[in-house]
Amino acid sequence: MLDLPTTEERLGKSPQRLVRYFVLVMALVYLGLGVWLFSSAGEPAGGGVVQLGATGRRVLGGVFILYGLMRFIRGYQVNFRKKTNFDDNE
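Residues numbered from 1 in each chain as written. Predicted model: local features only at pLDDT ≥ 70, side-chain atom pairs only at ≥ 80, totals over all residues. Heavy atoms only, no water.

Student: So, the environment of Val63: which residues are in play, and what are the values?
Tutor: Counting through the fold element by element, Val63 comes out in helix α3 (residues 54-79). Linking Val63 and Phe38, residues 25 residues apart in sequence, is a C-alpha distance of 9.8 Å. (Helix = DSSP H or I, 4+ residues; strand = E, 2+ residues; numbered from the N terminus.)

The structure is reproduced here in C-alpha cells:
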C-alpha cells in the first residue's frame, strides 16, 4: 500500500484548529445580526429586498439570537472544553 503522509503531517498543524474559531465567529455573527434586527425594529424599513414589519423583525431577531447562543455554547463545548475520559469498568 502507498505510504502517503496524512493531512496533519503535510500541513504541520491540524486544520481543525481554524474550524473551531470559525464556528465561534459565525455564532457571534448570528448574535450580532439578531441584536441588530431586534434593536432596529422601531425604525422604518428601507428599500431592502425583504420588507419586514416591526413584529417580524423582533421575531426574526429573537430567533437569530437564540440560534447564535445555541451555536456558541455547542461550539465551545465541542471544541474548547477539556476532554474527560470516562472508564466504564470502574
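Student: Tell me about α3, and please be specific about residues and values.
Tutor: With 26 residues, α3 extends 37 Å between its outermost C-alpha atoms, agreeing within 8% with the 38 Å of an ideal straight helix rising 1.5 Å per residue. Among all positions of α3, only Arg57, Gly61, Gly68, Gly75 and Asn79 are buried. (Expected span 1.5 Å × (residues − 1). Buried < 20%, exposed > 50% of the residue type's maximum accessible area, 1.4 Å probe, protein only.)

Student: Can you break down the packing of aromatic side chains residue by residue, with the values?
Tutor: Within the structure shown, the criterion is met by 4 aromatic pairs. Plain terms: the ring middles of Tyr30 and Tyr67 are 5.0 Å apart, the flat faces sit at 85 degrees to each other, and that makes the pair edge-to-face. In this pair, Tyr30 is assigned in helix α2 (residues 16-39) and Tyr67 in helix α3, connecting sequence segments 37 residues apart. With a relative accessible area of 22%, Tyr30 lands in the partly exposed category. We classify Tyr67 as partly exposed; its relative accessible area is 35%. On the basis of an interplanar angle of 20 degrees and a centroid distance of 6.1 Å, the ring pair of Tyr76 and Phe80 is categorised as stacked. For Tyr76, a relative accessible area of 43% translates into the label partly exposed. Each member of the aromatic cluster is reached from another via a ring pair, and the members are Tyr21, Tyr76 and Phe80. (Phe/Tyr/Trp six-rings, centres within 6.5 Å; stacked < 30°, edge-to-face > 60°.)

Student: Help me get a handle on α2, residues and values and all.
Tutor: With 24 residues, α2 extends 35 Å from end C-alpha to end C-alpha; this agrees with the ideal 34 Å at 1.5 Å per step. Buried within α2 we find Leu24, Ala27, Leu31, Gly34 and Leu37. Of the surrounding secondary structure, the elements contacted by the buried residues of α2 are α3. (Contact = heavy atoms within 4.5 Å.)

Student: Please set out the side chain of Asn79 residue by residue, giving values where relevant.
Tutor: By secondary structure assignment, the location of Asn79 is in helix α3. If we skip the residues at most four places from it in the chain, Asn79 touches Gln16, Arg20 and Val23.

Student: Explain the confidence of the model for the protein chain residue by residue, including any values.
Tutor: For any part of a model where pLDDT is low, the fine detail of the predicted coordinates should not be relied upon. Here the protein chain averages 83 in pLDDT, and 81% of its residues register 70 or above. Confidence scores differ between elements of the protein chain, with helix α1 (residues 7-11) showing the lowest mean pLDDT of 70 and α3 the highest of 93. (pLDDT = per-residue confidence, 0-100.)

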